[in-house]
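Each chain is listed here by its residues.
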Amino acid sequence: MKETADPAGANQTQGTGRNNPTIEAEDARIAIGDSTMMAGLSLRTRGDRVLLVGSADALVAAIIGSPGGDDETTASPVARVVSGSLRVAGADVAAREHVGLCGVAPLDPPMPLRWTVQEYLTWGARLGGAPRRQAKALALAALERLGQTDLRRRRLKALARHERRALAVTLAIVANPSVIVLEDPLANLDESDVTAVMAVMAQAAVGRAVVLSMPQLSPRSPAAHLARTATDICVFRGGELILVAEPATLFDNAAIYEITVKRGAAALRRTLAEQGLELHGGPEHFSLSLPKGRGPSDVLAAAAQARAAVTSCIPLL
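Cut-offs used in this document
- Residues numbered from 1 in each chain as written.
- Predicted model: local features only at pLDDT ≥ 70, side-chain atom pairs only at ≥ 80, totals over all residues.
- Heavy atoms only, no water.
- Axes fitted to C-alpha atoms, helices over the stretch in contact; angles between N-to-C directions.
- Helix = DSSP H or I, 4+ residues; strand = E, 2+ residues; numbered from the N terminus.
- Parallel < 35°, antiparallel > 145°, perpendicular 65-115°, else oblique.
- Left-handed = near helix turned anticlockwise from the far one by under 90°.
- Contact = heavy atoms within 4.5 Å.
- Salt bridge = Lys/Arg side-chain N within 4 Å of Asp/Glu carboxyl O.
- 1 Å grid on protein atoms, 1.4 Å probe; cavity = no way out; pocket = protein on both sides within 12 Å on 5 of 7 lines; lining within 4 Å.
- Points joined across faces, edges and corners; volume = space filled by probe spheres on them.
- Buried < 20%, exposed > 50% of the residue type's maximum accessible area, 1.4 Å probe, protein only.

S.K.: Can you break down the packing of helix H8 (residues 265–274) against helix H9 (residues 296–306) residue by residue, with the values?
M.R.: Direction vectors running N to C along H8 and H9 enclose 120°, while the axes themselves pass 9 Å from each other. Judged by the angle between their axes, H8 and H9 are oblique. For the pair H8 and H9, the crossing hand works out as right-handed. Within the contact between the two elements, H8 uses Ala 267, Leu 268, Thr 271, Leu 272 and Glu 274 and H9 uses Val 299, Ala 302, Ala 303, Gln 305 and Ala 306.

Structure follows, in structure tokens:
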């Protein structure tokens, strides 16, 4: 597949995940301040194009080292792994061992608007440990690689929203990391701007693993191709992992439902298992694939039999 046809760079990477899972979690609990935002996360991705869909904010924040909310001030407590384990490309996130391996692009981080693009990238490289002269060279190399050399003298305050998003992706690769983590880079962009940012993402993805997050997934959205080129699609609801699937499984199976169970989930799981059906996820949010000829009414019937309180059963896509 040609590079320009693959915004996620799916067939271009050499893939850190080839030796270690891109993301590996074992009963991980992630907290922000004193609040647990994600508990009991166990996940082992298979490939190096990982798409996190839904309420994965805490997981992304733990990896990129941000507060994981709207308040991005330095006073905000950062997300952290407080028990269990979370690794990126084999490196321990709790111990911050992954920092040198990962380039990150948080959603709309604060930027020094008076600086030029080149100054911003140069300082980013220096903060990553590069000497002054090398930092400038790294900045220019990143701009050239992503086709943005013409932006290098522009002030950040003069950049459009999609150009700032692209700049954040450029900063993520400035130190040539083996993994990049992109937080919802297409949020609130119109279709033409989405196309521009996706082109930058495609170049940034070449030769490295990618973790990309987005709050929702629609088969008809401009970004749907990103999902179709992923190796792993991980769907979260309420901070719980409810599904890990290949794109074909998700897009070509209209009978996958997301189910919310307020009470009696264990009994419902047993009842469905007796019918050859398997709930995935929990403890409150689940996914369920239903065979042809079966639908939500069958789930509700099973819930009544199990005396489980099912409050929603809707198509996943």
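Let's pick the thread back up.
S.K.: For the side chain of Gln 118, give the residues involved together with the corresponding values.
M.R.: Summarising the element assignment, Gln 118 is placed in helix H2 (residues 117–127). If we ignore the near neighbours within four places in the chain, the residues touching Gln 118 are Lys 136, Ala 139, Leu 140 and Arg 152.

S.K.: If you had to explain the pattern of salt bridges to someone new, which residues and values would you point to?
M.R.: Within this structure, the stated rule accounts for 7 salt bridges. Arg 237 is paired through a salt bridge with Glu 258; the nearest N and O atoms lie 3.0 Å apart. Taken together, the positions of Arg 237 in strand E9 (residues 232–237) and Glu 258 in strand E11 (residues 256–263) put the pair 21 residues apart, joining distant regions of the chain. For Lys 262, the salt bridge identified is with Glu 284, shortest N-O distance 2.7 Å. Placement of Lys 262 in strand E11 and of Glu 284 in the loop between strand E12 (280–281) and strand E13 (285–289) is noted, with a sequence separation of 22 residues between them. Put simply, Arg 46, Asp 232 and Glu 246 are held in one network by salt bridges that share partners.

S.K.: For empty space enclosed by the protein, give the residues involved together with the corresponding values.
M.R.: All chains considered together, the criterion is met by 2 cavities of 30 Å³ or more. Here the second largest cavity is characterised by a volume of approximately 30 Å³. Looking at the second largest cavity, the residues that line it are Ala 105, Pro 106, Leu 107, Arg 165, Ala 168, Val 169, Glu 183 and Pro 185. Per-element tally for the lining of the second largest cavity: the top contributor is helix H4 (residues 161–173), with 3 residues.

S.K.: A description of unusual backbone geometry should follow, citing residues and the corresponding values.
M.R.: Cis geometry marks the peptide bond from Gly 282 to Pro 283, where omega comes out at 15°. When you line up the elements, Pro 283 lands in the loop between E12 and E13. In this model, Asp 27 sits at a positive phi of 50°, which is unusual for a non-glycine residue. Considering the arrangement of structural elements, one finds Asp 27 in strand E1 (residues 23–32). Using a relative accessible area of 52% as the deciding quantity, one classes Asp 27 as exposed. The backbone of Asn 176 shows a phi angle near 55°, a positive value even though the residue is not glycine. If you trace the backbone, Asn 176 turns up in the loop between H4 and strand E7 (179–183).

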